[in-house]
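Chains, contacts and geometry: an overview
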Amino acid sequence: MTELPREGTADLRHVGGPPREPALPSGFAVLRCAAVKRAIMVMTGLAMVALGGCRNDEPAAAGGPEAAGATEAAGGPGATTEAAPSPEPAGSAELRCLIEGSPWHVSKTDLETQLQGVMRGIDVTGVHMTGDQTLTVTPALKATFTDGITTTLTADLGGGMTMRVTQKHTGTASGGWQVDGNTLTPHGAWTGGIKIDSKVTINGRSANAPIPVPENPLGDVPMTYTCVDGVLDLQAQGSPFIYLFR
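Residues numbered from 1 in each chain as written. Predicted model: local features only at pLDDT ≥ 70, side-chain atom pairs only at ≥ 80, totals over all residues. Heavy atoms only, no water.

Turning our eyes to something else, we now look at helix α4 (residues 108–118). The set of residues buried in α4 consists of L111, E112, Q114, L115 and V118. The buried residues of α4 occupy an angular sector of 170° when projected down its axis, which confines them to one face. Exposed residues pointing more than 90 degrees away from the buried face of α4 are listed as T109, T113 and G117. (Buried < 20%, exposed > 50% of the residue type's maximum accessible area, 1.4 Å probe, protein only. Helix = DSSP H or I, 4+ residues; strand = E, 2+ residues; numbered from the N terminus. Arc of directions from axis to C-beta.)

This brings us to the pairing of strand β10 (residues 231–236). A one-sided burial pattern is seen for β10, the buried positions being L232, L234 and A236 and the unburied ones V231, D233 and Q235. In this structure, strand β9 (residues 223–228) lies alongside β10, joined through six bridges in antiparallel fashion. For C227, the partnering residue across the bridge sits in β10 and is L232. Where β9 folds back onto β10 in an antiparallel hairpin, the turn is made up of two residues, including D229, whose phi is positive at roughly 50°. With three bridges joining them, β10 and strand β11 (residues 243–245) adopt antiparallel strand pairing. (Pairing = 2+ DSSP bridges.)

With that settled, the discussion passes to the packing of aromatic side chains. A complete count under the given rule lists four aromatic pairs for this structure. Here the aromatic rings of F145 and W177 are separated by 6.1 Å at their centres, their planes lie at 75°, and the arrangement is edge-to-face. You can see F145 sitting in strand β4 (residues 142–147) and its partner W177 sitting in strand β6 (residues 161–180), a full 32 residues away along the chain. Of the two residues examined, F145 and W177, each falls in the buried class. (Phe/Tyr/Trp six-rings, centres within 6.5 Å; stacked < 30°, edge-to-face > 60°.)

Time to look at the environment of Q167. Note that Q167 resides in strand β6. Taking the C-alpha atoms as reference points, Q167 and K199, separated by 32 residues in sequence, lie 6.4 Å from one another. A distance of 2.8 Å separates polar atoms of two side chains, one belonging to Q167 and the other to H169. (Polar contact = N/O pair within 3.5 Å; in protein donor to acceptor, adjacent residues only side chain to side chain.)

Let us look at the environment of W190. Following the sequence through the fold, W190 ends up in strand β7 (residues 183–202). For W190 and T144, which are 46 residues apart along the polypeptide, the C-alpha to C-alpha distance reads 9.5 Å. Polar side-chain contacts of W190 include one of 3.1 Å to the backbone oxygen of G176.

Of all residues in the chain, 59% have pLDDT values of 70 or greater, and the mean over the chain is 73. The secondary structure element of the chain with the lowest average pLDDT is helix α2 (residues 64–74), at 40, and the one with the highest is strand β1 (residues 104–105), at 98. For the stretch residues 49–88, pLDDT sits under 50, and the model shows 67 contacts to residues farther than four places along the chain or on other chains. Within the model, the stretch residues 215–219 combines pLDDT values under 50 with 12 contacts to residues more than four positions away or in other chains. (pLDDT = per-residue confidence, 0-100. Contact = heavy atoms within 4.5 Å.)

Next comes the structure, spelled out in structure tokens:
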């Protein structure tokens, strides 16, 4: 009869696999679980600006956020909503930069560096991202985030154990913004969402990803932005990440 691993060991082999490595102290399993949880949650934060399903219970302006934004951009309630050849949002060169620089593409290199820096308590040995995250903004201040980034993080857990977490983001979220200075606030209903899939291996063997990640946990999330000379910095409220778009 095949012996099952005892509780508190770090044995992640499948039953019937090769002989077990010597059992590690029971406290190591707790540390390993904490490291996996932290890695998954921090990596999930990379999709924070794109998580869809955001709702705002305030009634939207007549015609929806697109029509309201177009009216403002055209100069007031008496103006027509016909699109101008060159948008001229009043009073902000940064707002013009936000609109005219669209579509935007996130800097994966910058996010890789930030992710490695916020993983406190985990000995991260590598972060690599593939794919793309884009943002488009219309003159009516309708924003669309599309996230197709896959992030792979490796970490040394000590005791000869190496963890690899791979997290894949897929999906699109879109909706309206209202602008107040350098703050962008969701306006009306946002649609869509980002699906997040996480996989964890330790020493090449599959381990459980212990945190179910809801697709729409954020509600309404204001963002702050700066935009100068074709470079956009965007930060969601409560996020440790500043998203550099070009």
